[in-house]
Amino acid sequence: MRFVFQLILFTILSICTYAAETPYLASNARKNDNIEDLFSRYEIDVNSKNINVFKKINGSIRLPKSGKLISGKMYFLPIHVVHYAGEQLIALLLLKSEGDAALIEQYNDRMKMKGVRKDDFRISGKLWVPLSFSSKGMANTESKKRSYHRIFGKGYNVVEKIDNTLQGQVFYIDPGHGGPDPGAIGKRGKHELHEDEYAYDVSLRLARNLLMHGATVYIIVQEMKDGIRDERFLNNSNREKYYGGQSISRGHRERLGDRAAIINKLYEKHAATATAQHSVTIHVDSRTTNERIDIFFYHAPGSDKGKNIAETLLNTLREKYEKAQPGRGYKGNVEERDLFMLTNIKPIGTYIELGNIKNPNDQVRIIEPRNRQVIADWLCAGFLDLQQKVK
Ligand SMILES: [Zn+2]
C-alpha cells in the first residue's frame, strides 16, 4: 500500500517537474541571424507569445529593434528537451491524442532530416518538444499546416499542407472491392496479387495528396492496420470495412449499393457548401495474360462533366508520361460505361482502371511502391489541372 502511494506521489511529482525544470534547447546564433531566422530554423512560429518566452528564458534580454542576435552567442529556444527512454509519447508528454504524439515525433525526425539536429531522439534519449505543442495540444498554426490521419500509417500519418488549391472540393475516394471480395487476382512468382490491396494503396496515396492541397477527402473503404505500404507484394487481408465501420457485404449488388449510399449521404451533407464533389473509383482490370493496357478511365453515359474530368486526367497522364518516358506513348483512353459506381452516385464519378493484373508488364506498374506513388501524384496533378480549367 505504501509502495503504491509512493508511486503515485512520484508520478505527480514528475508531472509537475516536467514543465518547470525541463531544460530548454540552446542554439548558437549564426552571423546576421535575426530572431526570425533562428526561429524558422527550428520551425518556431514568430509570434509575440514565443518571442516573449524567448526573451524571458534568456535572462529577460532586450532585443534590438532590428531583431538582430549576437553572432555566436548561445540562446535558449522555446523548445523543451525531454528525457526519452522509449515511452509512448502520448503518456510521457500527457498529450490529448495520438495525433499530437505523431506530430512531435515527426517534428524531431524532420529536424534530423534537415540537419538541424544530428542525433535521433530514440537513440540519444533527447526529445525536442516545442512549447507550443506541450500539454494543451498542438499549436494553432501547426494544426492548420499539418494534420494527423491514422489511416495512412507510420511515416505517412502526418500530412503537411502545401496550398489550398482544392479547398472547398470534396473527394470520395473509392478503392475497388475489399473485405470478403479481393477483386481480380494475378500471379507473380509465388505471390498472389489481389486487386483490392493495390487499389487501396493507390487510393490512400491519392487521398493524401489531395489533402495536401486543402481538399476534403473521404476514403470509402478503410483498413487501419495497413496504411500506405512501401512494399512490392502487399499482404492480402479481408479486414477492410466501409467508412463508418460498416462491414463489406458478400453480395455484389448489396456491396455496391451500400457503398453508393455512404457516398450519397455524405454528398448531401456537403451539398450546400462544397464547390465541387467528386467520386473517384480505383480498380485494377483483369484480361488475358498477354494483353497490356495503360491506365484508362470510365465516366457515366451522357455525363459531360464526367467526360470532362476523365479527359483532363487522361491529358495530364499523357503529358506526364511524355516527360517521364519520352517516346513510350500512352494508350489510355476515356469511355462511357453504365457502371453502378458511376450511375448510382450523386457526385460526379470517375472510374479508373490501373492496368491488367494478369500481365507481367502491367504488374510492375502496381507492385513497385514508387510507381503507385507516381500514379497517385499524376492523378492528383490531373485534379489540379481540372481546377485550373475551371478558373
Ligand atoms: Zn475491380
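What counts, and at which threshold
- Residues numbered from 1 in each chain as written.
- Predicted model: local features only at pLDDT ≥ 70, side-chain atom pairs only at ≥ 80, totals over all residues.
- Buried ≥ 20, exposed ≤ 12 C-beta atoms within 10 Å, placed from the backbone.
- Helix = DSSP H or I, 4+ residues; strand = E, 2+ residues; numbered from the N terminus.
- Pairing = 2+ DSSP bridges.
- Axes fitted to C-alpha atoms, helices over the stretch in contact; angles between N-to-C directions.
- Domains from an automatic or database assignment.
- Contact = placed C-beta atoms within 7 Å.
- Nonpolar A, V, L, I, M, F, W, Y, C, P; charged D, E, K, R; others polar.

Colleague: What is the right way to look at the pairing of strand β3 (residues 126–130) in this model?
Modeller: Residues in a regular strand point their side chains to alternate faces of the sheet. Across the five residues of β3, four count as buried, placing the element largely inside the fold. Of the strand pairs in this sheet, strand β2 (residues 74–83) and β3 are connected by five bridges, and their pairing is antiparallel. Bridge pairing links His83 to Lys126 in β3.

Colleague: Would you take a moment to explain the sheet that holds strand β1 (residues 24–28) for this structure?
Modeller: Across a sheet, strands are paired by hydrogen bonds formed along the backbone, either parallel or antiparallel in direction. An order of β1-β2-β3 is seen for the three strands of this open sheet, with the pairing classed as antiparallel. If you trace the sheet from one side to the other, it starts and ends with β1 and β3, each paired once. Adjacent strand axes in the sheet meet at a mean angle of 50° when their direction is disregarded.

Colleague: I would appreciate a short explanation of the domain arrangement of the chain in the present structure.
Modeller: According to the domain assignment, the chain contains domain 1 (2–148) and domain 2 (150–390). Distance from the C-alpha centre of domain 1 to the C-alpha centre of domain 2: 39 Å. The partner domain 2 presents five residues to the seven residues of domain 1 that form the contact. Listing elements by their share of the side of domain 1 that touches domain 2, those giving two or more residues are α5 (98–113) and β4 (146–148). Of the residues contributing to the side of domain 1 that touches domain 2, the split by class is three nonpolar, two polar and two charged.

Colleague: Would you mind going over the environment of Ile162 with me for this structure?
Modeller: Mapped onto the fold, Ile162 is located in the loop between β5 (158–160) and β6 (169–175). With 17 residues separating them along the chain, Ile162 and Lys145 place their C-alpha atoms 8.0 Å apart. Setting aside residues up to four positions removed in sequence, Ile162 forms contacts with Met212 and His213.

Colleague: Please explain the sheet that holds strand β9 (residues 216–219) as it appears in this structure.
Modeller: The six strands lie next to each other as β9-β6-β12-β15-β13-β14, forming an open sheet whose pairing is mixed. Since the sheet does not close on itself, it has two edges, and those belong to β9 and β14 (334–336), each with one partner. Across the sheet, the mean angle from the axis of one strand to that of its neighbour is 25°, orientation sign disregarded. Inspection of the sheet shows strand β13 (residues 296–299) paired to strand β15 (residues 348–356) by three bridges, in the antiparallel sense. Looking at β15, one finds that Phe296 is bridged to Glu353. Each of β13, β14 and β15 touches helix α10 (residues 304–324); the most contacted strand, β15, lies at about 40° to it. Its contacts with the sheet put helix α12 (residues 360–367) on β12 (276–285) and β15, and the angle it makes with β15 is roughly 125°.

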